[in-house]
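Single-letter residue listing:
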Amino acid sequence: MKSKRLTKWCRLLVLLMAIASGFTLIGKTYAQALKVKNVVIVHGAFADASGWQGVYRELTQKGYNVTLVQNPCTSLKEDVDATNFAIDKMDGPVILVGHSWGGTVITQAGVHPKVAALVYVNAFQPEIGENTVKLASSAPPKPENGLLPPDEKGNVYYSKEKFHAGFCADVSDETAEFMFASSGFIPAEAFGTPVTEAAWKNKPTYGISSEDDKSINPVITMNGYERSNSIVTRLKGSHVVFMTHPQEVAAVIMTAAQQISK
């Protein structure tokens, strides 16, 4: 009789230990799932991903896994597809970052289930049904702005004469010349395509706005950030503040990751 009771208690003890071990494992797995170490960055129009090297260096030195999307800037759909392809490759939750036109892209692509938070850098942040053209014209352009009207093929370029002052005033002449040479174009149709999703409605959102941005009037970015209740950081810099202030931009991205991971 005593032997049977002892056996029963031993079995119960083993069961309780197994359950406790299971809860510990679940707890560890859940905590690990909340730690965001993946960052996906989407560049804007008239600039490619190479300008983000400084931010990449800052993040990777802190242990983050960073992917820079070379989105083609051919249409909203194709840029979103390129972004989703990069997000799909990540092994866990992602901080999704967008600059300028890239803000429109991440607004649409950010509904991806792996995206934990959004970071907008001098970026458009449209509402459902809005397009980039509507936002870009919602405040007067700065005199230095060099965005040209669509050419005979419907493509939009940035003026060579205004590129340095309007796009990247705080980089060297040599860097500005190289950036213009590689700036390319974007179809006007892309700017005119409305988003059908607005990820900022349901996900934590952070916004960086540069006081000296001459390509997107800071009034536009701030209006968007206020509408979305974004956590805002104001920086002194040009449209390409990620190039001239990589530490500060990286710090905002890391703050987003750390706050989500709590």
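Above: the structure in question.
Keep in mind the model is a prediction, meaning the values are calculated, not measured.

Draft legend 1. Quick peek at the nonpolar core. Counting residues in hydrophobic clusters, the biggest one holds 66 residues, and the most contacted among them are Ile95 and Val249. Excluding residues that lie within four positions of it along the chain, Val249 makes contacts with Trp52, Val55, Val121, Ile208, Leu235, Val241 and Phe242. By size, the runner-up hydrophobic cluster in this structure holds five residues, among which are Phe124, Leu135, Ala139 and Ile216.

Draft legend 2. Inspection of the packing of aromatic side chains at higher detail. What the rule picks out here adds up to nine aromatic pairs. Seen from their ring centres, Tyr158 and Phe167 are 5.4 Å apart, and the 70° between their planes marks the pair as edge-to-face. On the basis of relative accessibility, which here comes to 5%, the residue Tyr158 falls in the buried class. Seen in terms of ring centroids, Phe163 and Phe167 are 4.9 Å apart; in terms of plane orientation they differ by 20°. Their pairing is stacked. Taken together, the residues span about one helical turn, with Phe163 and Phe167 both in helix H6 (residues 160–167) at a distance of four residues. Residue class for Phe163 comes out buried when judged on its relative accessible area of 1%. On the basis of relative accessibility, which here comes to 2%, the residue Phe167 falls in the buried class. Each residue in the set Phe46, Tyr158, Phe163, Phe167 and Phe180 is aromatic and connected to the rest through ring pairs, giving one cluster. Lys37 extends its terminal NZ or CZ atom over the ring of Tyr64, reaching a point 4.0 Å from the ring centre.

Rules used in this analysis
- What you see as residue numbers is a count from 1 along each chain, following the sequence as written.
- Local features in a predicted model are, by the rule used here, given only for residues with pLDDT of at least 70; side-chain atom pairs are given and counted only at 80 or more, and totals for whole chains, interfaces and linings are based on all residues.
- Excluded from the side-chain calculation are hydrogens and water; included are all heavy atoms of the structure.
- Each nonpolar core is a collection of buried residues, namely Ala, Val, Leu, Ile, Met, Phe, Trp, Tyr and Cys, held together in the definition by side-chain atoms within 4.5 Å.
- Each residue is placed in one exposure class: buried if its accessible area under a 1.4 Å probe, protein chains only, is under 20% of its type's maximum, exposed if it is over 50%, and partly exposed if it falls in between.
- The contact criterion used is simple: two residues touch if any of their non-hydrogen atoms lie within 4.5 Å.
- Within 6.5 Å between ring centres, the rings of Phe, Tyr and Trp (the latter by its six-membered ring) count as paired, and their orientation is classed by plane angle as stacked under 30 degrees, edge-to-face over 60, tilted in between.
- We count a stretch as a helix when DSSP gives it H or I for four or more residues in a row; a strand needs E for two or more, and each element gets its number in order from the N terminus.
- When the NZ atom of lysine or the CZ atom of arginine is within 6 Å of a ring's centre and also within 35 degrees of its normal, the charge is said to sit over that ring.

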